[in-house]
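Residue-level listing of the chains:
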Amino acid sequence: MDLTLTAEQAAVRQLAAEFANRELLPHAATWDRRESVDPAIVGMLGDLGFLGLTIAEADGGSGGDHLAYCLVLEELGRGDSAVRGIVSVSLGLVAKSIAAHGSADQRAEWLPKLCAGSALGCFALTEPDSGSDAAALRTRAVRDGTDWLLTGTKTFITNGTTADVALVFARTGGPGHRGISAFLVPTDSPGLTRREIHGKLGLRGQATGELGFDAVRVPDTARLGAEGAGFRLALATLAKGRMSVAAGCVGIAQGCLDAAVGYAGERTQFGKPIAGHQLVQQLLAAIAVDTAAARLLVWQVADLIDRDQPFATEASMAKLFASEAAVRAANNAVQVFGGYGYIDEYPVGKYLRDARVATLYEGTSQIQQLLIGRALTGVNAF
Ligand code: FAD
């Protein structure tokens, strides 16, 4: 693995870093307090090509490889995880699924809009009674002539109340994962209702919603991939999605490192900057090591994907480690800031709250451990 960035990768990282410094970091605390990022951000992300990374230019995307994608997500995560998550879902889970599995018509209908930021996507898998055990989902799609009627409830859906299209997983056959199919459902479809979930611990600037489906009618051409192949599609999508969550966590950890080193140099206690106290340096060193290790795991996954190699277990490792590392890094950064870390004048408290959810979604830490354990032993311990 060559750890030297190409000129294109370095340029896109620089572009994303400047965007994060200029458009995200100064506003992140305000958006967090009011529970909404500035909606204009989506258009800016589209203009910069960040919502079309890795998608072919012929499909309306901005191309580039997965390492460049991870570099951008790291910078967005450093700036505001709420924004990083909007990209991870609309591009990483929805547009990439359409690019990989969509018909020519589906790609032409959705990809140019999703990549430009004139439309957003959401990924609707989780239900009130099925989270980790997603294959137990109960939303049902029943044939009606050449159409399908979808009925059920999805919850915790990122971009749920802002998205224009929902990638919905519904049961079209019997129990188990083989009975599940995927559908692209416009969110203005009659019978589809949406409710925003308020009061999140972190990612507060991001819209998380509950979606209700009451006999929502879609044509068979809205089915993404083969009938009964929806769960496999979801798993393949989530494996890549884990890399993007992990990349965002590297950004959180890097943001914590920058903030903590800066503060330690400025804050004086016992007659000298706290950076000169050994136990503070221990905290800083721990943050630095967690950040670097998480970044290397993420880059490994990107490298495997770009070389068309198997990557799912490595993506679980990167997501498990980077999410836990980001929580540790943010917790250590709060410690470096002392009482000032506990108020939102400084970014580290928000980093801690934002990092926490990464150990929960797209497969909890326990689910990643079971995936890694299964790959090691060949034994399914779910
Ligand atoms: P549960 O599955 O009930 O798990 C509870 C606990 O039990 C966890 O600690 C878990 O690790 C543990 N557990 C469960 N099974 C096992 C087992 N076999 N062995 C050991 N431990 C186990 N979903 C979407 O579909 N789309 C989205 O866009 C989306 N965005 C989200 C955004 C936010 C902010 C949040 C909080 C969630 C989001 N989710 C989304 C849902 C998320 O993926 C689920 O919350 C997650 O999969 C866990 O499911 P659960 O919350 O039902 O927890």
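Residues numbered from 1 in each chain as written. Predicted model: local features only at pLDDT ≥ 70, side-chain atom pairs only at ≥ 80, totals over all residues. Heavy atoms only, no water.

1. A closer look at the overall build of the protein
Piece 1. In terms of helices and strands, the protein carries eleven helices and ten strands.
Piece 2. Compactness check: the protein gives a C-alpha radius of gyration of 21 Å against a globular reference of 21 Å for 382 residues, within 12% of the reference.
Piece 3. With the principal axes as the frame, the protein shows a C-alpha extent of 80 × 45 × 40 Å.
Piece 4. Buried residues in the protein amount to 54% of all 382 residues.
Piece 5. Taking the intrachain contacts of the protein between residues at least 6 apart in sequence as the baseline, contacts between residues at least 24 apart amount to 73%.
Piece 6. Accessible surface for the protein amounts to roughly 16100 Å². Of this, 55% is attributable to carbon and sulfur atoms. (Helix = DSSP H or I, 4+ residues; strand = E, 2+ residues; numbered from the N terminus. Rg over C-alpha atoms; globule rule 2.2 N^0.38 Å. Buried < 20%, exposed > 50% of the residue type's maximum accessible area, 1.4 Å probe, protein only. Contact = heavy atoms within 4.5 Å. Areas by Shrake-Rupley, 256 points an atom, 1.4 Å probe, with all protein chains shown as cover.)

2. Side note on the pattern of salt bridges
Piece 1. Counted according to the given criterion, the structure contains 18 salt bridges.
Piece 2. Here Asp 32 ties to Arg 353 by a salt bridge, and the two come within 2.6 Å at their closest N and O atoms. Separated by 321 residues along the polypeptide, Asp 32 in helix H2 (residues 28-34) and Arg 353 in helix H10 (residues 348-356) bring together distant segments of the chain.
Piece 3. Taking the relative accessible area as the measure of exposure, Asp 32 reaches 5% and is therefore buried.
Piece 4. Given a relative accessible area of 22%, Arg 353 falls into the partly exposed group.
Piece 5. One salt bridge in this structure joins Glu 75 and Arg 78, with 2.8 Å as the shortest N-O distance. Within this pair, Glu 75 and its partner Arg 78 are both found in helix H4 (residues 66-79), separated by three residues, close to a single helical turn. (Salt bridge = Lys/Arg side-chain N within 4 Å of Asp/Glu carboxyl O.)

3. Points about the site of the ligand
Piece 1. Not every one of the 16 residues close to the ligand is listed here, only the nearest: Phe 123, Thr 126, Ser 132, Phe 156 and Thr 364.
Piece 2. Taking Leu 125, its main chain carries an N or O atom lying 3.0 Å from an oxygen atom of the ligand.
Piece 3. Burial of the ligand by the surrounding chains reaches 66%, relative to a free accessible area of 980 Å².
Piece 4. For the shell around the ligand, the elements supplying multiple residues, two or more each, are strand S3 (147-158) and helix H11 (365-377).
Piece 5. When the residues that make up the shell around the ligand are grouped by side-chain class, the tally is eight nonpolar, six polar and two charged.
Piece 6. Counting the residues that make up the shell around the ligand, at least three belong to each of domain 2 (123-228) and domain 3 (231-377). (Near = heavy atom within 4 Å. Polar contact = N/O pair within 3.5 Å; in protein donor to acceptor, adjacent residues only side chain to side chain. Nonpolar A, V, L, I, M, F, W, Y, C, P; charged D, E, K, R; others polar. Domains from an automatic or database assignment.)

4. What to know about the UniProt feature "domain: Acyl-CoA dehydrogenase/oxidase N-terminal" (unreviewed entry) in the protein
Piece 1. Following the UniProt record, one finds the feature "domain: Acyl-CoA dehydrogenase/oxidase N-terminal" (unreviewed entry) at residues 6-117.
Piece 2. For residues 6-117, the helix share is 72%, the strand share is 0%, and the end-to-end C-alpha distance is 26 Å. (UniProt positions renumbered as here; feature names shortened; annotations may be inferred.)

5. Structural notes on the domain arrangement of the protein
Piece 1. Each domain of the protein was delimited in the assignment, giving domain 1 (7-120), domain 2 (123-228) and domain 3 (231-377).
Piece 2. If you look at the interface, domain 1 gives 24 residues, while domain 3 gives 29 residues.
Piece 3. Across the interface of domain 1 and domain 3, roughly 2200 Å² is buried in total on both sides, 57% from carbon and sulfur atoms.
Piece 4. Taken as a group, His 66, Glu 74 and Arg 78 account for 25% of the area that domain 1 buries against domain 3, more than any other trio of residues on that side.
Piece 5. In this assembly, domain 1 and domain 3 are joined by four salt bridges.
Piece 6. Taken together, the links from domain 1 to domain 3 amount to ten residue pairs in polar contact (both at pLDDT 80 or more). (Buried area = accessible area lost by both parts, 1.4 Å probe.)

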